[in-house]
Amino acid sequence: MRVLVSGGAGYIGSHTVVQLVAAGHEVVVVDDFGNAKPAVMGRLDALTGTHIPVQAFDLTDKDKTERLFATTQIDAVIHFAGLKAVGESVQIPLDYYENNLESTFSLLRAMRRHGCRTLVFSSSATVYGDRAPVPCREDYEPLNASSPYGRTKVIIEQVLRDVAHTDPSLRIAILRYFNPVGAHVSGTIGEDPQGVPNNLMPFIAQVAVGRRASLQVFGDDYPTADGTCERDYIHVEDLAAGHVAALAKMATSDATVSTWNLGTGTGTSVLQVISAFEQAAGRPIPYQVVARRAGDLPAFWADPTRAHEELGWRATRTIEEMCADTWRWQSANPHGYEDLPDRDDAG
Ligand code: NAD
Ligand code: WQD
């Protein structure tokens, strides 16, 4: 199948591209490189042994999106493209609503005009909000995200259900990711945040490689075993495999919309992540405990039973592998993709 991967130059998209090609799919990437480096495309070519075509444009541009579908037969879309920083979304909510919603509308319209009926959408555990049970199942309601970013995901999920209602031939997968971390085992692609990392794992990795002096641990007085927050960290390679499994399932499924949690089903504390990373990198991670970060839940993880039963998918990689693979990527590429030459047609 020919799969359009929106945001395919980004962190999760790039890892998924590699697994799609390995599963026998043909891939076309669209990315505006707002949060990705063109150099990733050369790495993808090397990993896949094929040339991955990329179109560099903003998917909120409906004409360009339409032109792509008019000139290329697309059998399925995996829609990763979006802005994703929770804190930033509070500062510039309109940018978040505009980018995340408009890019989705653009794709949905082009898909309808050109008879493309299969869509996988990147949603997030953040849609569940702060009153959800732990572990959390897909049928929990009401979805009560507490940031503009999270609300873009809740709204898009609802749009997808409404659109699916009008066309029973559609096959839409909503994948709710928990905390994606890790990197491809080769160490040649990985997470490359611009500026100060918002998330724990890339921050630790930058401390380990010497780009930052120390980590701040946001609170150690939570009602958890060691007092620090617990999260469901999932290896990006397991996550990528979940997308390939969802595509395969939709080819034979009668359901128009399916929602699957992609998580491991276990919680790991901040201190446990630090300790696992120290083991992987063979060096200490200096840290100080500081005040709690506003909005953080003490503990949150998935109930991934539905994905296991319906997709035959399960996350298999341990926190030790997540740290080892992150470290392989970060130590081989201390400044991410910055030092690499761009491929001619990207960016
Ligand atoms: P990322 O920023 O690395 O990748 C997103 C890519 O989309 C980037 O390469 C960016 O340049 C591109 N993009 C953004 N807006 C675009 C537009 N309008 N047109 C074309 N390209 C555009 O992020 P990621 O971590 O790979 O996340 C992928 C998806 O998964 C996002 O939708 C995100 O909200 C969701 N998600 C991420 C996490 C996480 O912690 N990383 C967790 C849950 C859900
Ligand atoms: C993990 C833990 C922090 C940084 C976010 C989004 C969520 C989803 C995944 C997109 C928490 C602690 C962190 C640091 C720390 N993304 N921490 N020092 O907040 O669970 O989820 O990413 O959909 O929507 O909210 O992940 O990595 O930011 O934090 O102590 O410098 O690490 O307090 O307990 P989070 P995170």
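Note that the coordinates shown come from a computational prediction; the quantities given were computed from them, not determined experimentally.

Visitor: It is not clear to me how the packing of helix H5 (residues 93-113) against helix H6 (residues 148-166) should be interpreted in this structure. Could you clarify?
Guide: The geometry of a pair of packed helices is captured by two quantities: the angle between their axes and the separation between those axes. Following both chains from N to C, one finds H5 and H6 inclined at 25°, their axes separated by 9 Å at the closest point. Here H5 is positioned roughly parallel relative to H6, judged by the angle of their axes. When the axes of H5 and H6 are compared, the crossing they make is right-handed. Facing Pro93, Tyr96, Tyr97, Asn100, Leu101, Thr104, Phe105 and Leu108 of H5, the residues of H6 in contact are Pro148, Tyr149, Arg151, Thr152, Ile155, Ile156, Val159, Leu160 and Val163. Classifying every residue of the contact of H5 with H6 gives 13 nonpolar, 3 polar and 1 charged.

Visitor: Sorry if this is basic, but what is going on with the site of ligand 1 here?
Guide: Near ligand 1 there are 26 residues, and of these Ile12, Asp31, Asn35, Asn99 and Tyr149 occur at the shortest range. Contact distances for ligand 1 include 3.1 Å between a nitrogen atom and a backbone N or O atom of aspartate 32. Within the side chain of asparagine 99, a nitrogen or oxygen atom sits 2.8 Å from a nitrogen atom of ligand 1. Here ligand 1 loses 95% of its free accessible area of 820 Å² to cover by the protein chains. Every element with two or more residues in the shell around ligand 1 is listed here: helix H1 (11-22), strand E5 (118-124) and H6. Broken down by element, the residue count for the shell around ligand 1 peaks at 3 residues, all from E5. Per-class residue counts for the shell around ligand 1 are 12 nonpolar, 9 polar and 5 charged.

Calculation criteria
- Numbering of residues begins from 1 in every chain and follows the order in which that chain's sequence is written.
- Lettering for chains starts from A, numbering for ligands starts from 1, and both go in the order in which the items are written.
- This being a predicted model, a pLDDT of at least 70 is required before a residue's local features are given, and a value of 80 or more before pairs of side-chain atoms are given or counted; all residues contribute to the totals for chains, interfaces and linings.
- Only hydrogens and water are set aside when side-chain values are computed; all heavy atoms of the structure are taken into account.
- Every angle, taken between N-to-C directions, lies between 0 and 180 degrees, and every axis is a line fitted to C-alpha atoms, over only the stretch in contact when it is a helix.
- Secondary structure elements follow DSSP: runs of H or I of four or more residues count as helices, runs of E of two or more count as strands, with numbering from the N terminus.
- Any angle between 65 and 115 degrees counts as roughly perpendicular, while under 35 counts as roughly parallel, over 145 as roughly antiparallel, and the rest as oblique.
- Crossing handedness: left-handed means the near helix sits turned counterclockwise from the far one by under a right angle, and right-handed means the same turn made clockwise.
- We call two residues contacting when some pair of their heavy atoms lies within 4.5 Å.
- Following the grouping adopted for this structure description, the nonpolar residues are Ala, Val, Leu, Ile, Met, Phe, Trp, Tyr, Cys and Pro, the charged ones are Asp, Glu, Lys and Arg, and the polar ones are all others, Gly among them.
- The rule for a residue being near a molecule or strand is that one of its heavy atoms must lie within 4 Å of it.
- Any pair of N or O atoms that falls within 3.5 Å is considered a polar contact. Within protein, one atom must be able to donate a hydrogen and the other to accept it, and sequence-neighbouring residues count only if both atoms are side-chain atoms.
- Residue exposure ignores everything except the shown protein chains as possible cover, and the areas themselves are Shrake-Rupley values with a 1.4 Å probe.

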